[in-house]
Amino acid sequence: MKRATPHAIVLSMPRMNYYEILGVSREASDEDIKKAYRKLVFDHHPDRNPHVKDADERIKEINAAYEIVGDPEKRRSYDRLSWGDEPRAETVDPGVILDDMERKLFDEGRKELFALLMKDVKRVKAELTLVRAQVVAEQGYDSFLEHVVAARASAIMSDFVTEEMDGRKQRLVEVAMEMMVSRGVTKRSDEGGIRAVRNRLETAFRDGRAHGIASALELFYERR
């Protein structure tokens, strides 16, 4: 099964390198990151640099970087979501950036539920029995009818998603939102834009989870 997307992703998503902003490596310890942040804040604070016109912007950039990599959970999410090939120099349309992030979150959700279902083959086979009965009732013969499988996957998703899993999802979405703001997909002051982007990101993750369940069912499906 393939997920249809409105735009083909032809470029990898450029990222803001928060480690570079703080002057540390990706291997830096939490304590080293904290020390680097404190030094940068001291050196670049607008009160100490009244004649530097971009001092406010610089300190905002430093704070934004530390908000992500200074938090261990957000740092792990940032590394997972953003690290890949080196970014390209050309400007990329914000729509492409958002599409790419949706794809990343979709894949996170898909892998999460697929892995869970692979540990519960008995439940997978039970669900296939129900799906098969519905398909036969609808069209008169057995086949892997995708819209029936997708509907069943969405209906049973809450049986598998724990509080801990939803907490992880929220952390990933929060980090993704910070990255979308930093890349100019939406402005922090645009409440409507923030809501719309967050909704797209959360929907992508949820769709990925449903697709993970459907993929597990497809793996064990045998036509009768």
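Residues numbered from 1 in each chain as written. Predicted model: local features only at pLDDT ≥ 70, side-chain atom pairs only at ≥ 80, totals over all residues. Heavy atoms only, no water.

Draft legend 1. Looking closely at the nonpolar core. Core analysis: the biggest nonpolar cluster contains 35 residues, and Leu22, Met180 and Leu201 have the highest contact counts within it. Taken together, the elements giving at least two residues each to this core come down to α1 (18-22), α2 (30-44), α3 (55-69), α4 (72-82), α5 (94-117), α8 (163-182) and α9 (191-220). Here this core gets eight residues from one element, more than from any other, and that element is α8. Not counting residues within four places of it along the chain, the set of residues in contact with Leu201 comprises Leu98, Met101, Glu102, Leu105, Val173, Ala176, Met177 and Met180. Core analysis: the second largest hydrophobic core is formed by 22 residues, Leu117, Leu128, Leu145 and Phe160 among them. (Core = buried A, V, L, I, M, F, W, Y, C linked by side-chain atoms within 4.5 Å. Buried < 20%, exposed > 50% of the residue type's maximum accessible area, 1.4 Å probe, protein only. Helix = DSSP H or I, 4+ residues; strand = E, 2+ residues; numbered from the N terminus. Contact = heavy atoms within 4.5 Å.)

Draft legend 2. Spotlight on α3. Compared with the 21 Å implied by 1.5 Å per residue over 15 residues, the 21 Å span of α3 between its first and last C-alpha is a close match. Among the residues of α3, Ala55, Ile59, Ile62, Ala65, Tyr66, Ile68 and Val69 are the ones counted as buried. Residues of α3 that are buried make contact with α1, α2, α4 and α8. (Expected span 1.5 Å × (residues − 1).)

Draft legend 3. Spotlight on the side chain of Asp100. The topology assignment puts Asp100 in helix α5. For Asp100, the side chain forms a polar contact with the side chain of Arg103, separated by 2.5 Å. (Polar contact = N/O pair within 3.5 Å; in protein donor to acceptor, adjacent residues only side chain to side chain.)

Draft legend 4. The confidence of the model for the chain, seen in detail. Considering every residue of the chain, the mean pLDDT works out to 85; 88% of them sit at 70 or more. By mean pLDDT, the top-scoring element of the chain is α9 (95), and the lowest-scoring one is α4 (85). Predicted confidence is poor over residues 1-14, with pLDDT under 50, and the contacts of this stretch with residues over four places away or in other chains come to 31 contacts. Segment residues 85-90 is flagged for pLDDT under 50; beyond a separation of four residues in sequence, or across chains, it makes six contacts in the model. (pLDDT = per-residue confidence, 0-100.)

Draft legend 5. Summary view of the environment of Arg152. Relative to the helices and strands, Arg152 resides in helix α7 (residues 146-156). Through-space distance from the C-alpha of Arg152 to that of Val131 is 7.3 Å; in sequence the pair is 21 residues apart. Leaving out residues up to four positions away in the same chain, Arg152 has contacts with Glu127, Leu130 and Val131.

Draft legend 6. Highlighting the packing of α5 against α9. Close contact between α5 and α9 brings their axes to 6 Å; oriented N to C, the two are set at 40°. By crossing handedness, the relation of α5 to α9 is classed as right-handed. The residue makeup of the contact of α5 with α9, split by class, is 14 nonpolar, five polar and eight charged. (Axes fitted to C-alpha atoms, helices over the stretch in contact; angles between N-to-C directions. Left-handed = near helix turned anticlockwise from the far one by under 90°. Nonpolar A, V, L, I, M, F, W, Y, C, P; charged D, E, K, R; others polar.)

Draft legend 7. Representation of the pattern of salt bridges. Enumeration according to the criterion identifies 24 salt bridges in this entry. In this structure, Arg58 engages Glu61 in a salt bridge whose closest nitrogen and oxygen atoms are separated by 3.0 Å. You can see Arg58 and its partner Glu61 sitting in helix α3, three residues apart, about one turn around the helix. Given a relative accessible area of 31%, Glu61 falls into the partly exposed group. (Salt bridge = Lys/Arg side-chain N within 4 Å of Asp/Glu carboxyl O.)

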